[in-house]
Amino acid sequence: MATICQITGVGVTRGHHIHRSGKAKKEGGIGRHITKRVKRVILPNLRKKRIFIPELNKFVEVKLTARALKTLDKNGAYATLKKAGLI
């Protein structure tokens, strides 16, 4: 199963992290220097939830981010899942 939110469509983000070496000037060193850029993967904050929809009187299992869970609480389960095309 993919690591993608079913409501917002947020997935894996690729980026880089900068490695630095040396001691900062304010700490008595000669300054920090960039030695290399390292590739990294930033994963979304996914949760697998079983949500009850009173309008349909049934449970739906969805994979969503913590942000989408807040949206679900704000706008209601039925409206949000219908807009996303899950029901």
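Just so you know, the residues in each chain are numbered from 1, in the order the chain's sequence is written. Under the rules for a predicted model, residues below a pLDDT of 70 receive no local features and side-chain atom pairs below 80 are neither given nor counted, while totals for whole chains, interfaces and linings still include all residues. Only hydrogens and water are set aside when side-chain values are computed; all heavy atoms of the structure are taken into account.

Observations concerning the overall build of the chain
Helix and strand counts for the chain come out as two helices and four strands. Secondary structure elements are taken from DSSP: a helix is a run of H or I of four residues or more, a strand is a run of E of two residues or more, and numbering for both begins at the N terminus. The helix and strand sequence of the chain, counted from the amino end, reads β-β-β-β-α-α. The C-alpha radius of gyration computed for the chain amounts to 21 Å, which surpasses the reference 12 Å derived for 87 residues by more than 25%, pointing to a less compact arrangement than a globule. Based on the C-alpha atoms only, the size of the chain along its principal axes is roughly 65 × 25 × 20 Å. To sort residues, take the accessible area from a 1.4 Å probe on protein chains only and compare it with the maximum for the residue type: under 20% means buried, over 50% means exposed, and anything in between is partly exposed. Counting all 87 residues of the chain, 21% fall into the buried class. Put simply, of all contacts in the chain between residues at least 6 apart along the chain, 39% involve residues at least 24 apart. Note on areas: Shrake-Rupley, 1.4 Å probe, and residue coverage restricted to the protein chains presented here. Of the roughly 6,800 Å² of accessible surface on the chain, 51% is carried by carbon and sulfur atoms. Only C-alpha atoms enter the radius of gyration, while the globule expectation follows 2.2 Å times N to the 0.38, with N the number of residues. When checking whether two residues touch, look at their non-hydrogen atoms; a contact exists if any pair is within 4.5 Å.

Examining the packing of aromatic side chains
To describe a pair of aromatic rings, one takes the distance between the centres and the angle between the planes. Stacked, tilted and edge-to-face are the three classes applied to pairs of Phe, Tyr and Trp rings, where Trp contributes its six-membered ring and a pair requires centres within 6.5 Å; stacked means planes under 30 degrees apart, edge-to-face means over 60, and tilted covers the rest. A full pass over the atoms with the stated rule returns one aromatic pair. Whether a charge sits over a ring depends on NZ of Lys or CZ of Arg being within 6 Å of the ring centre and within 35 degrees of the ring normal. If you follow Arg50 out to its NZ or CZ, it ends over the ring of Phe59, 3.9 Å from the centre.

Structural notes on the environment of Gly15
Structurally, Gly15 is set in strand β1 (residues 13-21). Judged by its relative accessible area of 28%, Gly15 is partly exposed. Considering only alpha carbons, one finds Gly15 and His33, 18 residues apart in sequence, at a separation of 20 Å. If near-sequence neighbours (up to four positions away) are discounted, Gly15 is found in contact with Val38, Lys39 and Arg40.

Some words on the pattern of salt bridges
For salt bridges, the criterion is a side-chain nitrogen of Lys or Arg within 4 Å of an Asp or Glu carboxyl oxygen. Tallied over the entire structure, the rule returns one salt bridge. Measuring nitrogen to oxygen at the nearest pair gives 3.8 Å for the salt bridge that ties Glu61 to Lys48. Residue Glu61 is located in strand β4 (residues 58-65), and its partner Lys48 is located in strand β3 (residues 46-53); the two are separated by 13 residues in the primary sequence. Summarising the burial analysis for this pair, Glu61 and Lys48 share the class exposed.

A short note on a nonpolar patch on the surface
Without a salt bridge and with relative accessible area above 30%, a residue can belong to a patch; like charges are then joined within 9 Å and nonpolar side chains (Val, Leu, Ile, Met, Phe, Trp, Tyr) within 5 Å. A cluster of nonpolar side chains, Val12, Val41 and Leu43, forms an exposed patch at the surface whose accessible area comes to about 250 Å². Topologically, Val41 is positioned in strand β2 (residues 33-42).

Quick word on the side chain of Lys63
Mapping Lys63 onto the fold places it in strand β4. Counted as positive: Lys and Arg. Counted as negative: Asp and Glu, with His and the chain ends omitted from the count. Comment: no salt bridge for buried Lys63; closest opposite-charge side chain is Glu61, at 9.3 Å. A distance of 3.2 Å separates the side chain of Lys63 from the backbone oxygen of Ala2, its partner in a polar contact. Pairing of N or O atoms within 3.5 Å defines a polar contact, subject to two protein rules: one partner must be a possible hydrogen donor and the other a possible acceptor, and residues neighboring in sequence count only if both atoms are side-chain atoms.

Everything listed here is a matter of coordinates, which is why it stays silent on function.
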